[in-house]
Amino acid sequence: MDSPLLRVRNLSVTYPGDDGDFRAVRNVSFTVGRERLGIVGESGSGKSTTGRAIMGLARPPARVHADELLLGEIDLRQQSERQLRRLRGKRMAMVLQDPKYSLDPVMRVGDQIAETHRTHLGSSKAEARAAALEMLQAVHIRDPERVYGMYPHQVSGGMGQRIMIAAMLIAGPELLIADEPTSALDVTVQTQVLSIMDELVRERGMGLILISHNLHLVSSFCDRVLVMYAGQIVEICDAGSLADAQHPYTRGLLAALPELGRKRGELPQLQRDPAWMDDIAAPLETRSRKVGA
Amino acid sequence: MQMRAWLLDPAPASRRQAQLGGWFRAWLAFRRNTLGMIGLGIVLLLIGVAAFAPLIVDPASALTQVLADRLQPSSWAHPFGTDELGRDILARVVFGARITLTIVVLVSLIVVPIGLAIGLPAGYFGGWIDAALMRFTDIFLAFPRLVLALAFAAALGPGIENAVIAIALTAWPPYARLARAETLTRRRSEFIQAAELQGASHLRIIATQIVPLCLPSVIIRLTLDMAGIILTAAGLGFLGLGAQPPSPEWGAMVSTGREVLLDQWWVATIPGLAIFVTSLGFNLLGDGLRDVSSGRG
Amino acid sequence: MSAATSGAGHTVGGVARRIVAPLRRLGALLFSVALTFLGLTGVTFAIGRFMPIDPVIAIVGDKASQETYDRVYRELGLDQPVLVQYGTYLGKIARGDFGNSVMTARPVLEDLVRVFPATIELAFLALVIGVVLGIPFGVIAATNRGRWPDQIVRFMSLVGYSMPVFWLGLVGLLLFYAKLGWVEGPGRLDVAFDDIVAPVTGMLTIDALMAGEGDVFANALGHLVLPASILGFLSLAYIARMTRSFMLAQLEQEYILAALAKGLSPWRIIWVHALGNVWVQLVTVIALTFGSLLEGAVLTETVFAWPGLGLYMKNSLFAADLNAVLGGTLLIGAIYILLNMLSDLVYAMVDPRAREPN
Ligand SMILES: Nc1ncnc2c1ncn2[C@@H]1O[C@H](COP(=O)(O)OP(=O)(O)OP(=O)(O)O)[C@@H](O)[C@H]1O
Ligand SMILES: [Mg+2]
């Protein structure tokens, strides 16, 4: 693999609270190349927090610490807010969960795509509009001219998410973080949205971080999978070799996946071991597949 | 210290302890709100001044006309000077606090029961009762309040009692809305259904279960409204529709001071300042209370 | 309307809903406006009936004979049942007949038309001041939540809420007119400038501009600026406060995060995206503010001897001129109600979502 797009070493995010600090992300290390990396984990395991911290958009009053946070050659920790702004949208972007909330309700969707272009490429109104129309086409929207002028409430969820993807990719970032991009969508359009995203990411040779609850989806869609539990990475492995996962939590998740041909009632309940909460002594190396004990 | 520990006990032994603890915690949160504390100070000062007025100043000097002493500027004998009839302005302002306080108390005593009487049944019974009562409330809510109060005050004739009635007649609708909203959110709670199952009458449930739950938000709203009530009353007084001379009502005092504004500025300015500071006090207090109740810092 | 060309859900029911729903909303709106107006006339009628001033004596004077008194009593319809009287009253209002003013001996409607432009001029400038300053203040407070700009705006708003407008007017006159001489005194115009410009709109600044009379304009503005600033400060307090809380709610929305992720400037995120959504709610606030400015005019105009609706009503009150008082009340009330309705309609125009039911 050539030099990674993103290198994260010992990233921690802490929320100060009334009764002590809450460590939402603890010593997380991983790299992303021109590949599709999945992050799975249960609700509250720190997936979104990780994604936002990379973008430099951790929810205040969060404190972010990292030993290394490199986007290509750029040290994200050293960037001023102003410099970060030039990177967001241009070098890295983020698609959020629900297009119903992540699109500005009173602005035409086309303008919301075009504004990314204008911001980063300093284009004229007409240029940005042309680029946005092209981008709408790229996300397989049939009648771009018409859709350009619609308001978010007039488009369906699947279309909204494709518009969001268009707005995020129009300035040509090399890294896309997609935080549960399909969980708010109708099942019937989930695959469609994912495959459009996949197509664009491949075409442009981008890196993708796909955050999801859904181990099944992630393992079939991504090259590598990263499993988080209570703010830590407990497992990193190739999607193909998930079956060989070592950590009991991952094994539990796998066992809990419903499979065709198995009766419903047999789904085992996930047993949690309090020991998993403890800090993992030696933060794992990116390439290792085995974590903890 | 022991008291504090008892109040803040995370596992209160009795309902009473839990309740007092809740209040105490709210107080601790409120105490950190500087502006709110200033407001509380002003309101307490107003109450103190009104209660001990005769001890602070000589009651006679508020009303006795000493024509030889007309329009005196500030001096040791008259810190705020004297008005056009030679009365001590400080004494009049101090006694005016009583009038202001009387007005807000009376308006509250009228407005809250009316608001509850309309809002509670609307929220509790729902259906057409709700629709009718709320339609009625909306109509009143859409009226211009000050102008209506003016018209009422004009119709009823000038005087402090009529000013109170006029203000109350235009001030109740928000309370009806509030009471209804609060009732709606509690209506389906289990303890109310439990009370219903035990065969408690509607009236009893409303009086014993729902009213106490509505009161905190009603009180906060009332505190925030106090300033508006004071300003409306003062406005009526200024127009000559409120308290009548020689009563030392602040709005009326500003009005009489108007004639000598350019030469003896203090006659109009001092009572106006009293109106301003008092309503600011209530606003600061209400704002602080609202912050605490909505859990903001 | 383009709302019917929605991309999603081309079902017949969907289309029908999109056409029928706005009509139904309009119908409901008109109904409630009519009902509120009926309520308003009911109240003014009741006040008129129960006013301790005898309307007959107000007309004939207290020296009139019993015969004259009875005749006028019947002419005024006071011998009819209350409901009939109310019906007659409504009919008259519908024809624009508010009766004659005792004070000016002219039809009340004519008086209202004459004095109202002065009030509009005052209230409108005040509103402009309140909007132009209040919205930015509210935005700045929200984006600096908890820090000193927020505290300042908050305190300023509370000061505005607590200010007796008549007193502020007097202090303003004392300071800016008498002591500093920065503005003109009470009234709308110096005597020297009277009758130079023929009234067209009734708003002196505009009339002077149209007539090209620079001096008259300057003088009229000099008179206008202080009362308008004082009323403007009060509306500023309210608008800033509401803008702040609306903004805070918007800044927590996901689309703000998305805008940040796109790398947009804070300026664009705050003033275009967040404020774009706040506008929708501010429409109602601005309409309400204008309504309360008309009300506030009663006190301000008294202080500034501003010959508008407020002063007219105040003078009528003391002349026991019932028709004039109730006519003024009806006018302000009706404008109030119309503003409410208008803000609902504008809301539907500003907010693309309002065309469809949620
Ligand atoms: N502003 C905040 N203050 C305090 N704690 C927070 C804050 N935001 C998030 N957290 C906590 O951080 C933890 C991680 O949250 P995060 O949103 O990253 O989880 P997640 O893995 O994305 O979950 P989900 O699948 O539900 O989206 C959670 O336990 C959450 O409670
Ligand atoms: Mg998440």
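These numbers were taken from a predicted model, which means no experiment stands behind them.

Rules behind the numbers
- Residues numbered from 1 in each chain as written.
- Chains lettered and ligands numbered in written order.
- Predicted model: local features only at pLDDT ≥ 70, side-chain atom pairs only at ≥ 80, totals over all residues.
- Heavy atoms only, no water.
- Pairing = 2+ DSSP bridges.
- Helix = DSSP H or I, 4+ residues; strand = E, 2+ residues; numbered from the N terminus.
- Axes fitted to C-alpha atoms, helices over the stretch in contact; angles between N-to-C directions.
- Contact = heavy atoms within 4.5 Å.
- Near = heavy atom within 4 Å.
- Polar contact = N/O pair within 3.5 Å; in protein donor to acceptor, adjacent residues only side chain to side chain.
- Areas by Shrake-Rupley, 256 points an atom, 1.4 Å probe, with all protein chains shown as cover.
- Nonpolar A, V, L, I, M, F, W, Y, C, P; charged D, E, K, R; others polar.
- Buried area = accessible area lost by both parts, 1.4 Å probe.
- Salt bridge = Lys/Arg side-chain N within 4 Å of Asp/Glu carboxyl O.
- Patch = residues over 30% accessible without salt bridge, like charges linked within 9 Å, V, L, I, M, F, W, Y side chains within 5 Å.
- Buried < 20%, exposed > 50% of the residue type's maximum accessible area, 1.4 Å probe, protein only.
- Arc of directions from axis to C-beta.
- Phe/Tyr/Trp six-rings, centres within 6.5 Å; stacked < 30°, edge-to-face > 60°.
- Lys NZ or Arg CZ within 6 Å of the ring centre and 35° of its normal.
- Core = buried A, V, L, I, M, F, W, Y, C linked by side-chain atoms within 4.5 Å.
- Domains from an automatic or database assignment.

## A few points about the sheet that holds strand β10 (residues 224-229) of chain A
All names here are of chain A.
1) Next: As summarised here, the arrangement of the six strands in space is β7-β8-β9-β3-β10-β11, forming an open sheet in which the pairing is mixed. Of all the strands in the sheet, just β7 (92-95) and β11 (232-238) have a single pairing partner and so form its edges. Direction aside, the axes of adjacent strands within the sheet are offset by 20° on average.
2) Next: Taken together, the four bridges between strand β3 (residues 36-40) and β10 define a ladder with parallel strand orientation. What sits directly across from L37, in β10, is R224.
3) Next: Contacts from helix α1 (residues 47-55) reach β3, β7, β8 (175-179), β9 (207-212) and β10 within the one sheet, and its direction differs from that of β7 by about 150°.
4) Next: Where helix α7 (residues 157-169) meets the sheet, its contacts fall on β7 and β8, and the angle it forms with β7 comes to roughly 170°.

## Structural notes on the site of ligand 1
Residues and elements named next belong to chain A.
1) Next: The environment of ligand 1 is formed by 14 residues, the closest being S43, G44, S48, T49 and H213.
2) Next: Within the backbone of G44, an N or O atom sits 2.8 Å from an oxygen atom of ligand 1.
3) Next: Contacts to ligand 1 include G46, whose backbone N or O atom sits 3.0 Å from an oxygen atom.
4) Next: Here ligand 1 has 640 Å² of accessible area as a free molecule, and 66% of this is covered by the chains.
5) Next: The element that contributes the greatest number of residues to the shell around ligand 1 is α1, accounting for three residues.
6) Next: Here the shell around ligand 1 is built from residues that sort into three nonpolar, seven polar and four charged.

## A closer look at the interface of chain A and chain C
1) Next: Contacts between chain A and chain C engage 32 residues on the former and 27 residues on the latter.
2) Next: Across the chain A/chain C interface, buried area totals approximately 2,400 Å², and carbon plus sulfur atoms make up 61% of it.
3) Next: If you look at where chain A meets chain C, you find two salt bridges.
4) Next: E115 of chain A is paired through a salt bridge with R268 of chain C; the nearest N and O atoms lie 2.6 Å apart.
5) Next: At the level of secondary structure, the elements contributing two or more residues to the side of chain A that touches chain C comprise α1, β7, α3 (99-102), α4 (109-121) and α7 of chain A.

## Section: a nonpolar patch on the surface
Residue and element names in this part refer to chain B.
1) Next: Together, V105, L106, L109, I110, L156 and I165 give the surface a local cluster of nonpolar side chains, amounting to about 470 Å² of exposed area.
2) Next: Here the element with the most residues in the nonpolar patch is helix α6 (residues 89-125); it accounts for four residues.
3) Next: Classification of V105 by relative accessible area gives partly exposed; the value is 42%.

## Some details on helix α8 (residues 204-211) of chain C
Residues and elements named next belong to chain C.
1) Next: Regarding α8, the residues found buried are L204, T205, D207 and A208. Buried residues of α8, seen end-on, are gathered within an arc of 165° and therefore sit on one face of the element. Among the exposed residues of α8, those oriented more than 90 degrees off its buried face are L209 and M210.
2) Next: Elements in contact with the buried residues of α8: α5 (108-143) and α9 (214-251).

## Comments concerning the interface of chain C and chain B
1) Next: With 44 residues of chain C in contact, the opposing surface of chain B contributes 45 residues.
2) Next: Between chain C and chain B, the buried area comes to about 4,000 Å², and carbon and sulfur atoms account for 76% of it.
3) Next: In this structure, the salt-bridge partner of R154 of chain C is D287 of chain B, at a minimum N-O distance of 2.7 Å.
4) Next: Summed over the shared surface of chain C and chain B, the number is eleven residue pairs in polar contact (both at pLDDT 80 or more).
5) Next: For the side of chain C that touches chain B, the secondary structure elements donating two or more residues are α1 (12-50), α6 (148-162), α7 (165-179), α9, α11 (266-304), α12 (309-318) and α13 (322-350) of chain C.
6) Next: Looking at the side of chain C that touches chain B element by element, the count peaks at eight residues for α1 of chain C.
7) Next: For the side of chain C that touches chain B, a count of residues per class yields 28 nonpolar, nine polar and seven charged.

## Let's talk about the packing of aromatic side chains
1) Next: Under the counting rule described, the total for this entry stands at eleven aromatic pairs over all chains.
2) Next: Measuring from ring centre to ring centre gives 5.9 Å for W265 of chain B and W266 of chain B, while their planes differ by 85°; the resulting arrangement is edge-to-face.
3) Next: Overall, W265 of chain B belongs to the partly exposed group, its relative accessible area being 39%.
4) Next: Seen from their ring centres, F45 of chain C and Y86 of chain C are 5.2 Å apart, and the 55° between their planes marks the pair as tilted. Here F45 of chain C, found in helix α1, pairs with Y86 of chain C, found in helix α4 (residues 82-94); they are 41 residues apart in sequence, far enough to count as distant. Comparing F45 of chain C with Y86 of chain C shows no difference in burial state: the two are buried.
5) Next: Pairwise contacts between aromatic rings join F136, F140 and W172 of chain B into one cluster.
6) Next: In this structure, R129 of chain A is placed above the aromatic ring of Y148 of chain A, and the distance from its NZ or CZ to the ring centre is 4.4 Å.
7) Next: A cation over a ring is seen here: R221 of chain B above Y175 of chain B, with NZ or CZ 6.0 Å from the ring centre.

## Comments concerning the nonpolar core
1) Next: Membership of the largest hydrophobic core comes to 155 residues, with the highest contact counts inside it found for F238, W250, V254 and I275 of chain B together with F166, M247 and L309 of chain C.
2) Next: Looking at this core, the element that brings in the most residues is α11 of chain C, giving 16 residues.
3) Next: There are two domains that each give this core at least three residues, and those are domain 1 (12-94) and domain 2 (108-354) of chain C.
4) Next: Discounting chain neighbours no more than four positions away, the residues touching V254 of chain B are F238, A268, P271, G272 and I275 of chain B together with F166, W167 and L170 of chain C.
5) Next: Membership of the second largest hydrophobic core comes to 91 residues, among which are V147, I177, A178 and M228 of chain A.

## Looking at the pattern of salt bridges
1) Next: Counting across every chain of the model gives 24 salt bridges over all chains.
2) Next: Here R9 of chain A and E68 of chain A are joined by a salt bridge, their closest N and O atoms 3.5 Å apart. Highlighted residues: R9 of chain A in strand β1 (residues 6-15) and E68 of chain A in strand β5 (residues 68-71), separated in sequence by 59 residues.
3) Next: Residue R9 of chain A is classed as partly exposed on the basis of its relative accessible area, which comes to 38%.
4) Next: Residue R114 of chain C is joined to D111 of chain C by a salt bridge in which the shortest nitrogen-to-oxygen separation is 3.0 Å. One end of the pair, R114 of chain C, and the other, D111 of chain C, are both in helix α5, three residues apart, so they sit about a helical turn from each other.
5) Next: With a relative accessible area of 44%, R114 of chain C lands in the partly exposed category.
6) Next: When salt bridges that share partners are traced, they join D287, R290 and D291 of chain B together with R154 and R241 of chain C into one network.

Just geometry here; none of it tells us what the structure is for.
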